Structures are given as C-alpha cells and as structure tokens.
Amino acid sequence: MHKDLLEAPQPTLLPDDSTAREALAAGTAPAEVAAANPATPVGWAALAEAALAGDDSLDGSVAAYAYARTGYHRGLDLLRRNGWKGHGPVPWSHESNRGFLRALNALGLAAARIGETEEAERCATFLGDSDPEAYKALRG
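Residues numbered from 1 in each chain as written. Predicted model: local features only at pLDDT ≥ 70, side-chain atom pairs only at ≥ 80, totals over all residues. Heavy atoms only, no water.

Its place among the elements puts tryptophan 44 in helix α3 (residues 41–54). Once the C-alpha coordinates of tryptophan 44 and arginine 102 are considered, the two residues, 58 residues apart in sequence, prove to be 9.1 Å apart. Apart from residues lying up to four places away in sequence, tryptophan 44 is in contact with Ala34, Pro38, Tyr67, Thr70, Gly71 and Arg74. (Helix = DSSP H or I, 4+ residues; strand = E, 2+ residues; numbered from the N terminus. Contact = heavy atoms within 4.5 Å.)

Structure representation (structure tokens):
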C-alpha cells in the first residue's frame, strides 16, 4: 500500500477547554480565567480582545499584543501536541479551537495597531488558511 503524499492533512482538534469557556461565559474576568488556565488560549484571547476593545492608546495596543501573543503561542503548543505539523485545517466549528483562532486574530489586529504590518498580514493569512469560516466569523 502506498500513501498519497499529496493527501491534505487532517484537521487538528484541540482538547476540551470548556472549563475556561464556561467561566468566561459566566462572567469570570478574563485575567482570572487566564491565570487559572494559562495553557489554554481562550483566556488570553479574551484578555486581548478586551484590551483591543477598551483602549486604543499605545499602552492598550501593546497590552493586547502581549496577551494575544501569549494565547497564540500557548495555542501553537497545543496544536503541535495534537498532531499539527505547521499547516492544515484548524476548524472554527470545533469549539476548543476557537481560543487559538481568536488569539491569532487578536494578534493580527494588535500588530496592525502598533505598525507591525508584516505580522498583521501573516496572522490574517494564517487565520484564513486555518479555516475560512474563522476568518469570516472574526473579520467579517
């Protein structure tokens, strides 16, 4: 049996993060969620999104960038541990992938705010390549 070398990679599905998601949905502060679940990107994504929404000063933009970068890297760690090889689908439809995808989106938005154009473009491309539905949901 020969393996198809051009076969597309399987979608990567991150492990359950419902505890963190439910805490955010119940109104727990994103900082508390991130501190209690530092390896889960959803808390970091919520912190970044709050910083982007609440403060368009340089301080707010840098804070959003730092939160988003943390969530992005924690998400990359999870992706790699779950079989991702640096490319392939990360479906928006899988709830536990959304924290990473939201952090990736927030990183791109924060990068644009601080003038890091190449990073902003790379994040937008990565988001669309991960799942066009994620791009549509987060960027409209």
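With that settled, the discussion passes to the nonpolar core. Counting residues in hydrophobic clusters, the biggest one holds 26 residues, and the most contacted among them are Tyr72, Leu76, Leu79, Phe100, Leu101, Leu104 and Phe126. Breaking this core down by element, the ones donating at least two residues are α3, α4 (58–81), α5 (98–113) and α6 (117–130). Setting aside residues no more than four positions away along its own chain, leucine 76 makes contact with Trp84, Phe100 and Phe126. (Core = buried A, V, L, I, M, F, W, Y, C linked by side-chain atoms within 4.5 Å. Buried < 20%, exposed > 50% of the residue type's maximum accessible area, 1.4 Å probe, protein only.)

Right, let's talk about the side chain of serine 96 for a bit. Among the structural elements, serine 96 can be located in the loop between α4 and α5. Assessed through its relative accessible area of 6%, serine 96 is described here as buried. Polar contacts involving the side chain of serine 96 include one to the main-chain carbonyl oxygen of proline 15, which spans 3.2 Å. Setting aside its immediate chain neighbours within four residues, serine 96 contacts Leu14, Pro15, Asp16, Asp17 and Arg21. (Polar contact = N/O pair within 3.5 Å; in protein donor to acceptor, adjacent residues only side chain to side chain.)

Tracing the sequence through the fold places glutamate 119 in helix α6. In this structure glutamate 119 comes out as buried when scored by relative accessible area, which is 9%. Reaching out from glutamate 119, the side chain makes a polar contact with the side chain of arginine 122 at a distance of 3.2 Å. With sequence-adjacent residues up to four places away left out, glutamate 119 is seen in contact with Tyr65, Arg69, Leu107 and Ala111.

Nothing here speaks to function; it is all geometry.
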